[in-house]
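Remarks on the overall topology
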Amino acid sequence: MKRSLGFSVLVLSALMLVSCSEKKSSTIIITKKKPAAVSAPTTKKMGDYSQTRSVEWVGNKYTVETKLVADPSLPLASDGNARYYDNQITLRIVRADGSEFLKRSFTKSFFQSYVDNIYYKDGALLGIVFVKAEGNQLLFAASVGNPDKSSDEYVPLVLKVDNFGNVSVSKDTRLDTESDTSAEEEEGV
């Protein structure tokens, strides 16, 4: 028993020496890399816009107001890279005495039957701008297309309001160039 006790003390002493000995130092440092913060993609606005114009129409003075605002309640538009809020445009025509002749809000869905599916699905209502009074109608240029301001991809439309408050839409098939104006003058249009 003395022998086994002596042997046990010897083993314990050896273990203590090994565990207390100095460990080799290493220049390798191991750490865990923090995951990069993933930012949620932001939804862009095309920019709010308003226009007020005075106009002489059917023998009276009117004020034509258009107001474009981003509408977060509408489905989002996309230019292929970024997502945008679609727009809602309010058209207001006011008589000289301050009473409203017409007040109507438009979204892209109003123009759906005049726009190709790709422009309707991913595009946005880009604008409605007063052009001129002609006879018993007020003419406006309207467009639905790519929401990126630097893009020229859109469907040009003509929105007409007659003196009874009826609204109609058609595709704008005329190019707005000087040569077209000359051709119209020659044809007597």
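Residues numbered from 1 in each chain as written. Predicted model: local features only at pLDDT ≥ 70, side-chain atom pairs only at ≥ 80, totals over all residues. Heavy atoms only, no water.

Once that is clear, we can look at the sheet that holds strand β8 (residues 124-134). For sheets, the rule is that strands pair by backbone hydrogen bonds, running either parallel or antiparallel. In spatial order, the strands read β8-β9-β10-β11; together these four strands make up an open sheet with antiparallel pairing. Looking at which strands have only one partner, the edges of the open sheet turn out to be β8 and β11 (167-171). Here the average twist between neighbouring strands, direction ignored, is 25°. Across nine bridges, the pairing between β8 and strand β9 (residues 137-145) is antiparallel. Within β9, the residue paired with Glu-134 across the bridge is Gln-137. (Pairing = 2+ DSSP bridges. Helix = DSSP H or I, 4+ residues; strand = E, 2+ residues; numbered from the N terminus. Axes fitted to C-alpha atoms, helices over the stretch in contact; angles between N-to-C directions.)

The next thing to look at is the pattern of salt bridges. Within the structure shown, the criterion is met by seven salt bridges. In this structure, Lys-61 and Glu-56 form a salt bridge, with 3.8 Å as the shortest nitrogen-oxygen distance. Overall, Lys-61 belongs to the exposed group, its relative accessible area being 57%. Through salt bridges with shared partners, one network takes in Glu-65, Arg-92 and Glu-100. (Salt bridge = Lys/Arg side-chain N within 4 Å of Asp/Glu carboxyl O. Buried < 20%, exposed > 50% of the residue type's maximum accessible area, 1.4 Å probe, protein only.)

Let us now look at the nonpolar core. Judged by nonpolar contacts, the single largest core of 25 residues is most densely connected at Leu-91, Phe-111 and Phe-140. One finds Met-46, Ala-77, Tyr-84 and Ala-124 within the second-largest nonpolar core, a separate group that totals five residues. (Core = buried A, V, L, I, M, F, W, Y, C linked by side-chain atoms within 4.5 Å.)

Turning to the side chain of Asp-162, a few remarks are in order. In this structure, Asp-162 sits in strand β10 (residues 154-162). One buried charged side chain, Asp-162, makes no salt bridge at all; its nearest oppositely charged neighbour is Arg-104, positioned 9.8 Å away. A distance of 2.9 Å separates the side chain of Asp-162 from the backbone nitrogen of Phe-164, its partner in a polar contact. From its side chain, Asp-162 meets the backbone nitrogen of Asn-166 in a polar contact 2.9 Å long. Beyond its immediate chain neighbours, meaning those up to four positions away, Asp-162 contacts Trp-57, Phe-101, Asn-136 and Gln-137. (Lys, Arg positive; Asp, Glu negative; His and termini not counted. Polar contact = N/O pair within 3.5 Å; in protein donor to acceptor, adjacent residues only side chain to side chain. Contact = heavy atoms within 4.5 Å.)

Interpretation note: all reported values are geometric properties and have no functional meaning in isolation.
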